[in-house]
Amino acid sequence: MEVKIGVLHTPREIVLESGQSAEEVERVVAEALAGKSQLLSLVDEHGRKILVPADRLAYVEIGEQAPRKVGFGAL
């Protein structure tokens, strides 16, 4: 699952591959935005924990990773 996180006043977004389902990521984001926790906490595929202050979240994009295309075939 690819997750992109936009942070306020930061020109770059955080992009990570998570083993969590889309529903789990959405639930964690909703809890952070509702004030139940002060941090958005996600774990990537390598076991690293990503923490973002909930009041600094600009957006969160949740989507499946697109397969990479290789070669020069017709599109």
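See the structure above.
Analysis parameters
Residues numbered from 1 in each chain as written. Predicted model: local features only at pLDDT ≥ 70, side-chain atom pairs only at ≥ 80, totals over all residues. Heavy atoms only, no water. Salt bridge = Lys/Arg side-chain N within 4 Å of Asp/Glu carboxyl O. Helix = DSSP H or I, 4+ residues; strand = E, 2+ residues; numbered from the N terminus. Buried < 20%, exposed > 50% of the residue type's maximum accessible area, 1.4 Å probe, protein only. Pairing = 2+ DSSP bridges. Core = buried A, V, L, I, M, F, W, Y, C linked by side-chain atoms within 4.5 Å. Axes fitted to C-alpha atoms, helices over the stretch in contact; angles between N-to-C directions. Contact = heavy atoms within 4.5 Å.

Student: Describe the pattern of salt bridges, naming the residues involved and giving the relevant values.
Tutor: Evaluated as defined, the whole model comprises two salt bridges. One salt bridge connects R27 with E31, and the closest N-O pair in it is separated by 3.3 Å. With a gap of four residues between them, R27 and E31 both fall in helix α1 (residues 22-33), about one helical turn apart. For R27, a relative accessible area of 45% translates into the label partly exposed. The exposure class of E31 is partly exposed, given its relative accessible area of 29%. Note that D44 is salt-bridged to R48, the shortest N-O span being 2.9 Å.

Student: Just give me the short version of the pairing of strand β1 (residues 2-7), but keep the residues and values in it.
Tutor: The pairing of β1 with strand β2 (residues 14-17) spans four bridges and is antiparallel. Along β2, the bridge assignment pairs K4 with V15. Hairpin connection, β1 to β2: the antiparallel pair is bridged by six residues, and H9 has positive phi, about 60 degrees. Bridge count for β1 against strand β5 (residues 57-63) is six bridges, and the pairing is antiparallel. Directly across from G6, in β5, lies its bridge partner Y59.

Student: Quick rundown of the nonpolar core? Include the residues and the values.
Tutor: One finds V3, I5, L40, L42 and V52 to be the most contacted residues of the largest nonpolar core, which totals 15 residues. The set of elements that each furnish at least two residues to this core consists of β1, α1, β3 (39-43) and β4 (49-53).

Student: Can you lay out the sheet that holds β1 for me, pointing to particular residues and giving the numbers?
Tutor: Judged by pairing direction, the sheet is antiparallel, and its three strands sit side by side in the order β2-β1-β5 without closing on themselves. Either end of the sheet is taken by a strand with one partner, and the two such strands are β2 and β5. Going from strand to strand, the sheet's axes swing by 15 degrees on average, the running direction of each strand aside. Strands in contact with α1 are β1 and β5; relative to β5, the strand with the most contacts, it is inclined by about 170 degrees.

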